[in-house]
Amino acid sequence: MADNQSANIQALLAALNVFTRAPDKTSLENANSWLQDFQHSPEAWSTCNVLLLSPDAPAAAKLFAAQTFRSKVTYDLHQVDPSNLLPLRDTLVTALERYQNGPKTIITQLCLALSGLALQLPAWDNALQSIVETFGANPATVPVLLQFLTILPEEVSGNTRIPVTDDEYRERSAKLLSDNSEQVLELLSMYLQATGVTHSVQSQIFDCLRSWLVAGEIDMSSFGKSPLLAFAFEALASEELFDSAVDVVCEMIHETQEIDDNMPVIELIVPRVIALKSQLEDQKDDPEKIRGYARIFAEAGETYRLLILQHTDTFYPIVEAIGQCSAYPDLDIVPITFPFWMRLAQTIGKKTTISPLFGEAYKALMGVVIRHLHFPPDLASMTGQEADNFRSFRHVMGDTLKDCCLVLGADACLLFAYGLITMALSRGPQSTSWQEIEAPLFAMRSMGAEVDVMDNTAVPKIMDLIPSLPIHPRVRYAALLIISRYTEWINRHPDYISYQLQYISAGFEDPDPEVSAAAGQALKYLCQDCKQHLIDFLPTLHTFLATTGTKLTQDDRRQVYEAIAYVISAMSMEKAAESLRTFSLDILSQIHSISSKSTAVTKQELKEVGYGLENLEVMLHVVGPFGDQLPAACQNSCQEAWSVFDIFISKFAFDYDTSERVTRVLRHGITLFGQNALSVASSVLSRMVTSFEATGFSSFLWISGKIVGRFGHESDPVLRNAFQNLYERATNKVVSLLQSKDSRDIPDVLEDYVQLLLQLIRMAPDVFFQSSAFPLAFRATMAALTLIHSDLVFASLDLFRDILTHESLTPSSSPPPKFPIYSSAIKAVMEKEGFEFVGYILSGLVGDFPEDSTAVVVTIFRAVALLWSTQLVTWLPPILQQLPPSSTPIQVREQFLLDVTNLLNTAQYDKVKYSILALHRASRKARDRRRVTPLNQA
């Protein structure tokens with residue numbers, strides 16, 4: 001046995017040694033895997049004990065041993081005979097004594113192990129007291145005790161991996177924490193006041209106190225009588241203790257949130273918090289100190305907001321202090337205050353009357369936020385990341401402006417921002433920066449959601465102001481986005497539409513791409529919300545496209561087409577059809593022209609056609625279907641449009657982007673024409689499968705699946721032949737691709753192929769089951785189960801479930817004529833592929849299948865158990881043998897095989913569900929354990 005242990009130690013040291021050099025990735029992974037497997041083994045207990053107590057062991061080995069004890073106490077305590085649990089405790093305590101001087105990492109791991117053991121070992125009745133007695137009397141070991149006392153509530157409350165029942169947890173946590181909280185308070189108070197106590201120990205005391213406060217184990221009435229409360233505030237004056245004291249003060253305030261129960265303690269806390277207000281001025285040049293004070297004031301404000309409203313005279317200094325923190329120039333500190341302003345505004349909103357002081361506070365807050373919204377004078381001084389962060393933060397500040405609207409009213413807030421702009425403009429362009437205009441404009445946009453669409457006070461002033469704003473790209477950008485935000489209001493005040501269109505049109509002319517993009521967005525929302533008023537402007541928009549449209553970027557042009565589509569959608573059906581035809585013919589003519597070229601087409605020409613397809617797609621999407629009774633203008637459009645697309649696809653299917661765009665347009669075409677598209681469906685399917693065979697692009701399968709889904713119930717023999725032709729040729733192509741490529745290289749093809757199969761089995765089972773393609777399709781779909789691709793795995797599992805639970809497999813005295821054929825096809829495939837199929841299913845279940853897929857796997861496995869029980873008994877042993885031990889330990893596999901075999905032999909097929917669920921839970925637990933801490937990073 002000693003020889004075996006010595007061999008384990010040598011192997012362990014060799015594995016750890018791998019991490020001290022710079023090996024290849026494979027060596028690292030192998031070493032890490034070996035260490036984790038060893039950590040799971042029963043031998044690890046004794047081996048790690050020897051290492052931990054050996055003075056000659058390398059530091060990395062000692063740390064690994066301590067980590068292993070922590071891990072095994074959490075997961076593997078069942079490996080220890082009950083009679084050895086108390087000796088295990090003694091072993092860990094002895095080790096902790098040995099390492100009382102460090103390293104801290106080992107002390108931490110041993111404290112975690114002892115905490116986990118205390119929770120699971122009722123026989124250790126006086127756990128906390130015994131640790132106090134062992135380490136509490138000697139000043140040299142007090143830091144170890146404080147570390148244990150800090151970790152204990154965190155581990156007991158937070159380590160959900162420890163296997164105890166709810167009742168056991170309640171009993172032990174009460175014994176360990178609640179019953180000892182008074183003693184811990186007294187102990188911490190004693191150590192804090194001890195002669196010669198160091199800042200390091202004081203900081204540990206505060207960390208420990210915070211841990212118990214966070215766990216909710218400190219009775220606040222007892223805490224109020226403890227000297228710890230006053231010490232925490234006094235420690236804010238210490239450089240060394242400031243951060244720890246801030247944490248404790250914030251937690252003690254948070255723990256008094258049950259106001260009525262804690263008023264005596266609150267009366268002790270609040271005067272001390274208010275007394276800190278002067279520090280905001282004294283420490284204004286120290287951002288870290290201001291951050292700490294901001295946290296304290298914000299916590300006090302949020303926790304005591306009802307008291308602030310009820311006893312404003314007493315508590316209002318807290319609001320003033322939070323206002324000062326909000327005004328601080330460091331924008332990393334300012335957001336600490338935002339939750340307070342939001343919650344206070346929500347509370348004020350429920351009150352009928354409030355002190356005018358709060359109105360003044362939120363008015364001042366508005367001014368502060370708008371000042372923070374100013375871009376720096378030199379934008380070039382910001383890095384790209386800094387600029388992105390600032391833009392993101394502006395939107396956060398915008399939410400705080402909405403809180404101001406809740407208290408002051410949207411009109412008052414908008415007029416405040418409006419006043420800042422008019423004041424800046426009155427000083428003349430030489431004395432006004434663009435930032436002074438842009439920031440209030442941004443504020444107006446942020447507050448747009450709070451505006452009453454019937455407002456006739458503030459918004460008209462803003463709309464009248466926009467045309468007279470300075471011509472600066474940032475100002476114009478902000479003004480255009482205001483138009484975007486206020487289009488619902490404009491819809492109720494259509495007199496402004498003409499002026500807004502002129503301003504938007506000018507925006508398209510601006511050389512700044514962000515401004516023209518904002519113009520496109522403004523036009524889109526204006527047309528979306530004001531479409532009824534814009535019908536008469538449609539010829540103007542058509543002219544705009546013909547002239548200015550060619551100068552726009554594609555993103556902007558697409559937004560213009562989307563805007564036009566919204567206007568068309570508001571027209572009567574006949575007029576809408578005529579208008580849609582007008583705009584569509586422009587694009588179809590472009591497509592026809594490039595298809596008819598006798599010379600080679602350039603990349604730019606093909607790209608322009610691609611843009612046209614995008615524009616057509618967005619129009620069709622917005623306009624939507626006309627219904628089965630097409631307007632006169634569209635009666636022949638389906639055949640005409642397909643004749644253009646058919647030739648175009650035959651020439652340009654090999655261009656990937658073109659194939660993606662054209663199939664998306666076809667998808668909307670099916671929706672637009674509805675039943676009228678039936679006349680071209682067979683031709684479309686033929687072109688799609690031919691194109692897929694030639695290119696292997698998944699988009700052709702995707703659109704084919706949509707067509708089968710739309711027309712699968714049709715009995716037209718030509719169409720049924722087209723379905724079969726599609727199914728067989730697509731399957732042969734997919735099989736060919738799988739022979740020449742790894743399935744990981746074609747996840748898009750497999751997903752769209754499986755989705756096509758799902759449409760076929762549900763809409764055309766006669767085609768699906770009776771074709772010679774069925775066995776090939778089954779095998780091709782199995783390949784999809786190997787990919788880490790959630791949507792594909794779900795689709796594949798759905799297909800297998802539909803196959804294996806098909807009605808044709810259910811015995812019936814008078815089945816439909818084709819059911820025996822379907823049933824025979826399914827059984828033949830399973831006889832051939834069943835062993836490999838079940839292997840894929842179980843491998844995915846304990847591997848990379850999505851969490852939500854378990855229910856489908858249960859259904860599939862139950863169907864296999866019901867219909868192929870004899871075969872399943874012979875399939876399972878070799879399948880289980882191939883599952884990775886890292887996710888399915890040997891005892892888990894053995895138990896699963898035993899359970900399933902018993903259920904199959906006793907014909908309890910429905911109960912295999914519980915075996916599958918147990919296997920899944922055990923595998924997840926094993927995998928989660930390996931994820932906790934990569935050993936080379938410990």
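Asker: Residues and numbers for the overall build of the protein chain, please.
Answerer: Each helix and strand counted, the protein chain has 48 helices and zero strands in total. When contacts within the protein chain are restricted to residue pairs at least 6 apart in sequence, long-range pairs at least 24 apart make up 74% of them. Taken as a whole, the protein chain presents about 41,700 Å² of accessible surface, with 51% of it coming from carbon and sulfur. Within the protein chain, one finds 75 positive and 107 negative side-chain charges whose respective centroids are separated by 5 Å.

Asker: How would you explain the packing of aromatic side chains if you had to name every residue and give the values?
Answerer: In the structure shown here, the tally under the stated rule is 24 aromatic pairs. Summarising the aromatic geometry, the rings of Y316 and F358 are spaced 5.8 Å apart at their centres and angled 75° between planes, so their arrangement reads as edge-to-face. Of this pair, Y316 sits in helix 19 (residues 312-326) while F358 sits in helix 21 (residues 356-372), placing them 42 residues apart in sequence. On the basis of an interplanar angle of 35° and a centroid distance of 5.9 Å, the ring pair of F375 and W434 is categorised as tilted. Here F375, found in the loop between helix 21 and helix 22 (384-408), pairs with W434, found in helix 24 (residues 434-446); they are 59 residues apart in sequence, far enough to count as distant. Across the pair, W434 and F375 agree in class, each one buried. An aromatic cluster is built from Y727, F768, F769, F774, F778, F800, F819, Y822 and F837, whose rings are joined through pairwise contacts. Over the ring of F442 we find R394; its NZ or CZ atom is 4.3 Å from the centre of that ring.

Asker: Describe the packing of helix 31 (residues 538-547) against helix 33 (residues 573-595), and please don't skip the residues or the numbers.
Answerer: Helix-helix packing: each pair is described by the crossing angle between the helix axes and the interaxial distance. The geometry of helix 31 relative to helix 33 is characterised by a closest axis approach of 12 Å and an angle of 5° between their N-to-C directions. Classified by the angle between their axes, helix 31 and helix 33 sit roughly parallel to one another. When helix 31 is examined against helix 33, the residues L538, H542 and L545 are found in contact with a partner set consisting of S579, T582, F583 and D586. Looking at the contact of helix 31 with helix 33 residue by residue, the class counts come to three nonpolar, three polar and one charged.

Asker: Explain the side chain of S203 residue by residue, including any values.
Answerer: Mapped onto the secondary structure, S203 falls in helix 11 (residues 199-214). There is a polar contact of 3.1 Å between the side chain of S203 and the side chain of S244. Each residue touching S203, except ones within four places of it in the same chain, is listed here: L241 and S244.

Asker: An account of the confidence of the model for the protein chain is needed here, citing residue identities and associated values.
Answerer: On average, residues of the protein chain carry a pLDDT of 92, and 98% of them reach 70 or more. Scored below 50 in pLDDT, residues 933-938 shows 13 contacts in the model against residues more than four places distant or in partner chains.

Asker: Explain the environment of G367 residue by residue, including any values.
Answerer: Assignment of secondary structure puts G367 in helix 21. Separated by 53 residues in the primary sequence, G367 and L420 have C-alpha atoms spaced 9.2 Å apart.

Asker: Outline the environment of A424, listing residues and values.
Answerer: The residue A424 is located in helix 23 (residues 410-426) in this model. What makes A424 buried here is its relative accessible area of 2%. When the C-alpha positions of A424 and T150 are compared, they lie 56 Å apart, and in sequence the two are 274 residues distant. Filtering out sequence-adjacent residues up to four positions away, A424 remains in contact with T432, E436 and I437.

Asker: Describe in detail the nonpolar core, supporting the description with residues and values.
Answerer: In this structure, M252, F645, I803, F837 and L842 are the most contacted members of the largest nonpolar core, which totals 327 residues. If near-sequence neighbours (up to four positions away) are discounted, F645 is found in contact with L588, I591, L613, L616, V662, V665 and L666.

Asker: Explain unusual backbone geometry to me, using residue names and the numbers behind them.
Answerer: A negative phi holds for most residues other than glycine; trans holds for most peptide bonds. Cis rather than trans, the peptide bond between G102 and P103 has omega equal to 0°. Assignment of secondary structure puts P103 in the loop between helix 5 (85-98) and helix 6 (104-120). One non-glycine residue with positive phi stands out, namely A907, at about 60°. For A907, the position within the fold is in the loop between helix 47 (890-905) and helix 48 (912-931). Under the relative-accessibility criterion, A907 is labelled partly exposed at 46%.

Asker: Tell me about the pattern of salt bridges, residues and numbers included.
Answerer: Considering all chains together, one arrives at 34 salt bridges under this definition. In this structure, the salt-bridge partner of D766 is R720, at a minimum N-O distance of 2.8 Å. Here D766 is found in helix 41 (residues 765-770), whereas its partner R720 is found in helix 39 (residues 717-740), with 46 residues between them in sequence. Using a relative accessible area of 19% as the deciding quantity, one classes D766 as buried. Accessibility expressed as a relative area gives 16% for R720, which makes it buried. R801 is the salt-bridge partner of D802, the closest N and O atoms lying 3.7 Å from each other. Taking relative accessible area as the criterion, D802 reaches 17% and is therefore assigned buried. Taken together, the shared-partner salt bridges in this structure form one network comprising D555, R558, E614 and R661.

Asker: Which residues make up helix 10 (residues 181-193), and what values go with them?
Answerer: In this model helix 10 runs 19 Å from its N-terminal to its C-terminal C-alpha over 13 residues, within 8% of the 18 Å that 1.5 Å per residue would give. By the burial criterion, the buried members of helix 10 are S181, V184, L185, L187, L188, S189, Y191 and L192. If you follow the buried residues of helix 10, they end up packed against helix 7 (127-135), helix 8 (142-158), helix 11, helix 12 (220-225) and helix 13 (227-234).

Asker: Describe in detail the state of the cysteines, supporting the description with residues and values.
Answerer: In this structure the tally under the stated criterion is zero disulfides. Distance from the sulfur of C530, which forms no disulfide, to the nearest cysteine sulfur (C527) is 8.2 Å.

Asker: Can you tell me about the side chain of T400, naming the residues and giving the values?
Answerer: Structurally, T400 can be placed in helix 22. On the basis of relative accessibility, which here comes to 2%, the residue T400 falls in the buried class.

Asker: Describe the environment of L804, with residues and values.
Answerer: Mapping L804 onto the fold places it in helix 43 (residues 790-804). Separated by 58 residues in sequence, L804 and R862 place their C-alpha atoms 9.6 Å apart. Ignoring sequence-local partners within four residues, the contact set of L804 consists of L809, I826, M830, F837, I860, A863, V864, L867 and W868.

The rules behind these values
Residues numbered from 1 in each chain as written. Predicted model: local features only at pLDDT ≥ 70, side-chain atom pairs only at ≥ 80, totals over all residues. Heavy atoms only, no water. Helix = DSSP H or I, 4+ residues; strand = E, 2+ residues; numbered from the N terminus. Contact = heavy atoms within 4.5 Å. Areas by Shrake-Rupley, 256 points an atom, 1.4 Å probe, with all protein chains shown as cover. Lys, Arg positive; Asp, Glu negative; His and termini not counted. Charge placed at Lys NZ, Arg CZ, Asp CG, Glu CD. Phe/Tyr/Trp six-rings, centres within 6.5 Å; stacked < 30°, edge-to-face > 60°. Buried < 20%, exposed > 50% of the residue type's maximum accessible area, 1.4 Å probe, protein only. Lys NZ or Arg CZ within 6 Å of the ring centre and 35° of its normal. Axes fitted to C-alpha atoms, helices over the stretch in contact; angles between N-to-C directions. Parallel < 35°, antiparallel > 145°, perpendicular 65-115°, else oblique. Nonpolar A, V, L, I, M, F, W, Y, C, P; charged D, E, K, R; others polar. Polar contact = N/O pair within 3.5 Å; in protein donor to acceptor, adjacent residues only side chain to side chain. pLDDT = per-residue confidence, 0-100. Core = buried A, V, L, I, M, F, W, Y, C linked by side-chain atoms within 4.5 Å. Salt bridge = Lys/Arg side-chain N within 4 Å of Asp/Glu carboxyl O. Expected span 1.5 Å × (residues − 1). Disulfide = S-S within 2.5 Å.

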